[in-house]
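Architecture at a glance
Residue strings, one per chain:
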Amino acid sequence: MAIDYDHLRQYTGGDQALEAEVLGLFLETGRGALAEMRGSLDGPGWKPAAHRLKGAALAVGAWSLAELARRAEEAELTTAERADLLSDLETGLSAIRAAVQSSG
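This section reports on the structure supplied with the text.

What counts, and where the lines are drawn
Residues numbered from 1 in each chain as written. Predicted model: local features only at pLDDT ≥ 70, side-chain atom pairs only at ≥ 80, totals over all residues. Heavy atoms only, no water. Axes fitted to C-alpha atoms, helices over the stretch in contact; angles between N-to-C directions. Helix = DSSP H or I, 4+ residues; strand = E, 2+ residues; numbered from the N terminus. Parallel < 35°, antiparallel > 145°, perpendicular 65-115°, else oblique. Left-handed = near helix turned anticlockwise from the far one by under 90°. Contact = heavy atoms within 4.5 Å. Nonpolar A, V, L, I, M, F, W, Y, C, P; charged D, E, K, R; others polar. Core = buried A, V, L, I, M, F, W, Y, C linked by side-chain atoms within 4.5 Å. Buried < 20%, exposed > 50% of the residue type's maximum accessible area, 1.4 Å probe, protein only.

Relative to each other, helix 2 (residues 16-38) and helix 5 (residues 79-103) sit at 160 degrees, their axes nearing to 11 Å. For the element pair helix 2 / helix 5, the angle class is roughly antiparallel. In the crossing of helix 2 with helix 5, the sense of the turn from one axis to the other is left-handed. Every residue of helix 5 that contacts helix 2 at L23, F26, L27, G30, R31, L34, M37 and R38 is listed here: L86, L89, E90, L93, I96, R97 and V100. Taken together, the residues that form the contact of helix 2 with helix 5 break down as 10 nonpolar, one polar and four charged.

Structure, rendered in structure tokens:
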């Protein structure tokens, strides 16, 4: 499951319009964080962007994406390893986007 909707509903009270708004903000935040990470493969912006992505993913219950972002934030990675992890993060966010679009 891309999103833990039970977790999300704890914060939205089951309000579907609010869930859609929160998920939209999450996807926007995710796109921005990934763009910053893409531009910082060998720079200092990588870890702060990974941290933002991790926090956003945890907030909506995107556990798998949050774990990948945690690894991106905490691990000492080569530029090539960062590029591989970024690809996994982009795939994960795309899967979440598709799941959100198909459910809404």
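We are not done yet, so read on.
Our next topic: the packing of helix 1 (residues 5-12) against helix 3 (residues 46-60). Interaxial distance between helix 1 and helix 3 falls to 7 Å at its minimum, and their mutual angle equals 85 degrees. Of the possible angle classes, the one that applies to helix 1 and helix 3 is roughly perpendicular. On helix 3, the residues that touch H7, L8 and Y11 of helix 1 are L58, A59 and V60. Residues that form the contact of helix 1 with helix 3 fall into these classes: five nonpolar, one polar and no charged.

Turning our attention to the nonpolar core. With 28 residues, the main nonpolar core has F26, M37, L53, A62, L65, L89 and I96 as its most contacted residues. Breaking this core down by element, the ones donating at least two residues are helix 1, helix 2, helix 3, helix 4 (63-74) and helix 5. Among the elements that take part in this core, helix 3 stands out by supplying seven residues, more than any other. Leave out the neighbours within four places in its chain, and L53 touches G30, A33, L34, M37, L65, A69 and L89.

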